[in-house]
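Structural features, examined
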Amino acid sequence: MSALESFIPSLVPEAQAQGLEVEPVEAFVLACIDGQSTVGQLASALGMAPTQLWQVTDRLARRGLLQLSSPQRDTFDAPPKEPGHAPQGSLEQAHVSGVRPVLEGRPPAAQAAELQGAEALELELRRAIVELYQRLDELDHYQLLGVEDGASKAEVKAAYYEAVKRYHPDRYYGKELGHFKAKLERVFQRFTEAHDTLTRKRSREEYDAYLTTLRRNRRTEVLLSHPAPDPAALRALRERLAAESLPPPPVAPRTSPEPPRPAAPPSHPAPAPPPPASQPPLDLKARRQALARRLGGSDALRRASIPPPPAAPRVSPEQATDALRRHFEGQQAARLQRQLGELERQVSDALQRDDPATALRTLRLLAQLKPEDPALEQRLAAVQHATDVKLADGLLVQADYEERNQRYAEAARSFERAARGKPSVKAFHHAALCLLKTAAPDYRQAARLARCAVELAPNDAELRLTLGRIFLEAGLLQSAEQELQRAAALAPQSEDIKLWLTRLRRS
Amino acid sequence: MDRVIGIDLGTTNSCVAVMDGDEAVVIPNRGGYKTTPSIVAVTEAGKRLVGHIAKRQSITNAENTVAAAKRLIGRKWNTAPVKSALMTCSYGIVEGPHGDVRIQLRDKTYSVPEISSMVLQEMRVVAEDYLGEAVSKAVVTVPAYFNDNQRQATKDAGAIAGLDIIRIINEPTAAALCYGFGKGVDKTIAVYDLGGGTFDVSILEIGAHGVFKVIGTTGDTFLGGEDFDARIIDWLVAGFQDEHQIDIRKDRMALQRLRDAAEKAKCELSSVRETEINLPFIVSTGRNEALHLQRSLSRETLERLCEDLIERTVDICRQALVEAKLDADEIEDVLLVGGMTRMPAVQRAVTEFFQREPNRGVHPDEVVALGAAIQGAALVDDKHEMILLDVTPHALGIMTFGSYFEELIPQNTTVPTSRAKIFTTSRDHQTAVKILVMQGESKQAGDNELLGEFVLTGLRSAPKGQVEIEVTFEINTDGIVSVHAKDLETQQAQSIQVTASSGLTTDEVQSMIEGAKEYMVERRTDEEFEGAKQSAETLLAELEAMLPEVDRVVGGADFGRDAVTKARQVIERTQAAMDRRDTAALKEQLEQLARTQRMFKGVVARGG
């Protein structure tokens, strides 16, 4: 994550506001972006987890509202080719653009070292290998091969053959490859895995389903993980709503990297101009102050969004302002009503589609616009629950796939989160089992999960066996003995349980 | 650039090919044959014979003639294939010092790689004679279903023969390379390879970009032409037994004659409907009465005798399709490889199973060597754009507590590849673990092939199950398997490359290489001498013929008498050198002889 934290988000000057699909937290983050602070700095200034902030900026970048740039872009003259050209707006696009400059973000010395050791290969190729090697775990199969999600079998194969001809070690037989040989082999293996998965009908269906679920789950999780929006964000949102479709667009500070300067009234103390882009970033304290100013004076935003008053020289300025305000307030109220109606419709649509995640997001917006509405809060709670359950179902699907493909750490996490949303014996049990198969199992957590499963189905011998095994592996012999005995009492015929009891006695 | 030859080291016949420009060509041996029998013999005089010359004397010298050594290569003494070979082989098989197999020829025992190295060496000499230059690099083919020990032993054989085997490739894959190389083929094909001793089926995808990807391969390393021969032999033996109550199998020479007759009959029945097997004086009874074997064998009978063998190959084809997750109608072409595929019943079975006529464009005996030569050239020469993606034919894993086999790399995984798994200690206070590296498909470790073992020590003393060891398997592009074990707590690691497991220790291979070098020199000298001797004999004959005439013309003069005396001395010295088998001296005399001959010719011309 450290590499991600060093990115600097800045607003895209020519971006158009895209309807209402900006969440409170997103609007909040948008309002704070100054084109100078890195993700890490913003996160610490806003009191958010860097991961969370990264996810938000990621989503915004995906919609073209902001761009992410690396602080050390100049150290790498040729930006690496982007292999994934997934459809615009999909999650992976954001990932690609996010992970692309991993190599760039490193100190130059490290790059130089990584590119050494096989001078027989062209620098361009070495760079491509190192780059790809570092991103292997982050790219999905489609991104890796550089094909669209719906690519035909022939397209997948053609992409694979091209990759093989570039990355198979035999292409460089007899050349001194150094550490590149192992990297080439690993890269090749990953390409083969992608090819094999995507060219077999069944495995591809499974993988596609997994990918869809994974993406949906990720979105839902982000949604659920957002805390209640803070007043500043809410205010920003209201302003956004109000200024919707009014020129200039509401996301005013888009003349990056220069932050916006309040245009009026002139008496208002202007925020300190940010340092020029070439200067080193401000220290954290200065940055926090700058942000605080921006947040406190977020009326700057509104001012920037409101067009200059029309010329009416013979009316006193007070009157003119008053009339103008009334005019705008009337317009705002009407627009708000329309938006509320639209939002209501979106909620019911989403619920009908069985898409509680979208319904939840929209309801939250509604709740912010109509803060004291108990009926709305009830609905919110209900939809939140439905989202939890839906997410849990999705996570179960995801976890099954991960477990089948022996990605136990991921599977354990997915099962565990599924169990949180929708407690079930299976989820708890498999979360524990997968955890046991990971590199360094957290036995305490495994035991907790297994115990939850046992509580749900106290007469299931298998669950007690799992719990007993965990105790045994954790070295808690007495507890292990107890659980295994109970399991044996429940299923006296089980060979498995007998085997584990024997093992226990030998311990 | 070094030339790389491609050698198909077959069970019954071997073949060598080389890249000539953009095309691979088979190199004929000195007899003009494109294949050479994989037969090695030691004569009474202790001379080694390889190839056709060894085959010709195999009946009279059955006990000291090794055929089909490939069936034994890389096998452990204590296995069923070796036990069955013991029953049928005419030569002596004994247990070696490492539980491996040794072959007894006269008063010496040879390891199987040593025997195979003699065949490889012969092929190398065939290539060198043809190319007129030394050859040191080769790509050698093995049955796809060979396990790592068998491949390693084949590599050892190459090393003993002084050949750097730069790659071992699978026979059906090689056939596919030859079929698709440089032709822009874009198809999914099946290769049905029924050789002398082994059977393989491979399914490949050939991309128009020059990428050959093996999807799956399966086979049986103990199913081949020899088994068909054995059916005929059994039938002949049983018939003889019924008629004369004599088991002719007990007589080694009779058995060898039966074997030859069976093979011949089988081959003939591919083109004719009926053939006569005639072995006069096959055996003599105690009463000094000689018995003859004479029977006629029809194609129908042969097909009946071998029905189940062919059925077995079809079953394996079916399995190959299942593993490749393909239906028979997704196969766009079928290649037939190996001499056995000339049998009409085999062709019928293949046609029926794949629902298409097999491809007839490849030569079943030569296609494998050609493919090996292509792969060799593609590796060392950048201009050939071809990449071969092969698979590991057997699963790889380790033995776990309770003698179970825990698979790490599944069968038919494209190499290079690597997989890791976490294991834990199985006993309390266990501070060392032994990693037994195995290959095979059985859940029971004992049924699989042991490839190597190593010990990881220095683990923390703790209750069992607490210390974790990560085991990583890796197969690199060269097919070398390496295994690493790492204690996740201390990061202490141990690893091996699975190499020295062909039943030979490194030292043994080394000493065999030395032995072969000596043999190489010895053999070359021999040839040189024979060559010099031949030239000398020709010259001598001419000189002898001209001597009286020369004597008549110039004998009167002093210088003439001198010249004749000198000529007689040269002839004497040449004779002596020939008797001593002194090549160097003989070569010296050859020059003298040639000069004398030129002088004599001049004298005779002028005198006449």
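None of these values were measured; they are calculated from a predicted model.

**Some remarks on the confidence of the model for chain A**
Residues and elements named next belong to chain A.
- This prediction gives chain A a mean pLDDT of 73; 67% of its residues lie at or above 70.
- Here helix α5 (residues 91–99) is the element of chain A with the lowest mean pLDDT, 33, and helix α8 (residues 141–145) is the one with the highest, 94.
- Note that pLDDT drops below 50 for residues 16–20; the model gives that stretch 11 contacts with residues more than four away or on any other chain.
- Under a pLDDT of 50 for its full length, residues 72–109 has, in the predicted model, 74 contacts with residues more than four places off or in other chains.

**A look at the side chain of Glu449 of chain B**
Residue and element names in this part refer to chain B.
- Here Glu449 is to be found in strand β26 (residues 449–456).
- Reaching out from Glu449, the side chain makes a polar contact with the side chain of Asn149 at a distance of 2.7 Å.
- Apart from the residues within four sequence positions on either side, Glu449 is in contact with Gly74, Lys76, Asn147, Asn149, Val437, Met438 and Gln439.

**A closer look at the pairing of strand β22 (residues 404–409) of chain B**
- Summarising the sheet, strand β21 (residues 396–400) of chain B and β22 of chain B pair through 5 bridges and their orientation is antiparallel. Counted as the bridge partner of Ile398 of chain B is Glu406 of chain B from β22 of chain B.

**Structural notes on the environment of Arg126 of chain A**
All names here are of chain A.
- The topology assignment puts Arg126 in helix α7 (residues 123–135).
- C-alpha separation for the pair Arg126 and Glu114, spaced 12 residues apart in sequence, amounts to 8.8 Å.
- Apart from the residues within four sequence positions on either side, Arg126 is in contact with Leu115, Gln116, Ala118, Glu119, Leu121 and Phe180.

**Regarding the interface of chain A and chain B**
- Facing the 31 residues of chain A at the interface are 35 residues of chain B.
- Counting the surface lost from both chain A and chain B, the interface buries some 3000 Å², and carbon and sulfur atoms represent 48% of this.
- Across the salt bridge formed by Glu385 of chain B and Lys165 of chain A, the nearest N and O atoms sit 3.2 Å from each other.
- Connecting chain A to chain B are 11 residue pairs in polar contact (both at pLDDT 80 or more).
- Sorting the residues of the side of chain A that touches chain B by element identifies α9 (153–167), α10 (179–199), α21 (461–474) and α23 (495–506) of chain A as the ones contributing at least two each.
- No other element matches the 7 residues that α10 of chain A contributes to the side of chain A that touches chain B.
- Of the residues that constitute the side of chain A that touches chain B, the class distribution is 12 nonpolar, 6 polar and 13 charged.

**Considering the packing of helix α22 (residues 477–490) of chain A against α23 of chain A**
Residue and element names in this part refer to chain A.
- Following both chains from N to C, one finds α22 and α23 inclined at 155°, their axes separated by 10 Å at the closest point. Our classification of the angle between α22 and α23 gives roughly antiparallel. Relative to α23, the crossing made by α22 is left-handed. Together, Leu477, Ala480, Glu481, Leu484, Gln485, Ala487 and Ala488 of α22 and Ile497, Trp500, Leu501, Leu504 and Arg505 of α23 make up the contact between the two elements.
- In the contact of α22 with α23, the residues fall into 9 nonpolar, 1 polar and 2 charged.

**Describing the environment of Leu590 of chain B**
Residues and elements named next belong to chain B.
- By secondary structure assignment, the location of Leu590 is in helix α13 (residues 583–607).
- Overall, Leu590 belongs to the buried group, its relative accessible area being 16%.
- For Leu590 and Val570, which are 20 residues apart along the polypeptide, the C-alpha to C-alpha distance reads 9.1 Å.
- Leaving out residues up to four positions away in the same chain, Leu590 has contacts with Ala532, Ser535, Ala536 and Leu539.

**Quick word on the pairing of strand β28 (residues 481–487) of chain B**
All names here are of chain B.
- β28 sits mainly inside the fold: 5 of its 7 residues count as buried.
- Examined bridge by bridge, strand β27 (residues 468–475) and β28 share 7 bridges and lie antiparallel to one another. Pairing of Glu474 across the sheet is with Ser482, part of β28.
- The antiparallel hairpin formed by β27 and β28 contains 5 residues in its connecting segment, where Gly479 sits at a positive phi of about 80°.
- In the sheet, β28 pairs with strand β29 (residues 493–498) via 6 bridges, with the strands oriented antiparallel. The partner of Ala485 across the bridge, within β29, is Gln494.

**Examining the sheet that holds strand β15 (residues 211–220) of chain B**
All names here are of chain B.
- Spatial ordering of the open sheet is given by β18-β13-β14-β15-β19, a layout of 5 strands whose pairing is mixed. The two strands at the open ends of the sheet, each matched to only one other strand, are β18 (333–337) and β19 (387–389). Direction aside, the axes of adjacent strands within the sheet are offset by 25° on average.
- Judged from the 8 bridges that link them, strand β13 (residues 187–194) and strand β14 (residues 199–206) form a sheet pairing that is antiparallel.

**Some remarks on helix α15 (residues 317–352) of chain A**
Residue and element names in this part refer to chain A.
- Taking 1.5 Å as the rise per residue, α15 with 36 residues should run 52 Å; its terminal C-alpha atoms sit 51 Å apart, in good agreement.
- Within α15, burial applies to Arg335, Gln339, Leu340, Leu343, Val347 and Ala350.
- Downstream of α15 by a residue or two, Asp354 has a phi angle that is positive, lying close to 60°.

**Focus on the pattern of salt bridges**
Residue and element names in this part refer to chain A.
- What the rule picks out here adds up to 53 salt bridges over all chains.
- For Glu344, the salt bridge is made with Arg379, and the minimal N-O distance between the two is 3.5 Å. Highlighted residues: Glu344 in helix α15 and Arg379 in helix α17 (residues 374–404), separated in sequence by 35 residues.
- The exposure class of Glu344 is partly exposed, given its relative accessible area of 26%.
- Judged by its relative accessible area of 34%, Arg379 is partly exposed.
- Note that Arg486 is salt-bridged to Glu483, the shortest N-O span being 2.8 Å.

**With respect to α9 of chain A**
- In this model, α9 of chain A (15 residues) spans 20 Å end to end at C-alpha, consistent with the 21 Å of a helix rising 1.5 Å per residue.
- Here α9 of chain A has its buried residues at Val156, Lys157, Ala159, Tyr160, Tyr161, Ala163, Val164, Lys165 and Tyr167 of chain A.

**Structural notes on the sheet that holds β29 of chain B**
All names here are of chain B.
- With antiparallel pairing, the 4 strands of this open sheet are ordered in space as β24-β27-β28-β29. Edge positions in the sheet fall to β24 (417–424) and β29, since each has one partner strand and no second. Sheet twist, expressed as the mean angle between neighbouring strand axes with direction ignored, is 15°.

What counts and how
Residues numbered from 1 in each chain as written. Chains lettered and ligands numbered in written order. Predicted model: local features only at pLDDT ≥ 70, side-chain atom pairs only at ≥ 80, totals over all residues. Heavy atoms only, no water. pLDDT = per-residue confidence, 0-100. Helix = DSSP H or I, 4+ residues; strand = E, 2+ residues; numbered from the N terminus. Contact = heavy atoms within 4.5 Å. Polar contact = N/O pair within 3.5 Å; in protein donor to acceptor, adjacent residues only side chain to side chain. Pairing = 2+ DSSP bridges. Buried area = accessible area lost by both parts, 1.4 Å probe. Salt bridge = Lys/Arg side-chain N within 4 Å of Asp/Glu carboxyl O. Nonpolar A, V, L, I, M, F, W, Y, C, P; charged D, E, K, R; others polar. Axes fitted to C-alpha atoms, helices over the stretch in contact; angles between N-to-C directions. Parallel < 35°, antiparallel > 145°, perpendicular 65-115°, else oblique. Left-handed = near helix turned anticlockwise from the far one by under 90°. Buried < 20%, exposed > 50% of the residue type's maximum accessible area, 1.4 Å probe, protein only. Expected span 1.5 Å × (residues − 1).

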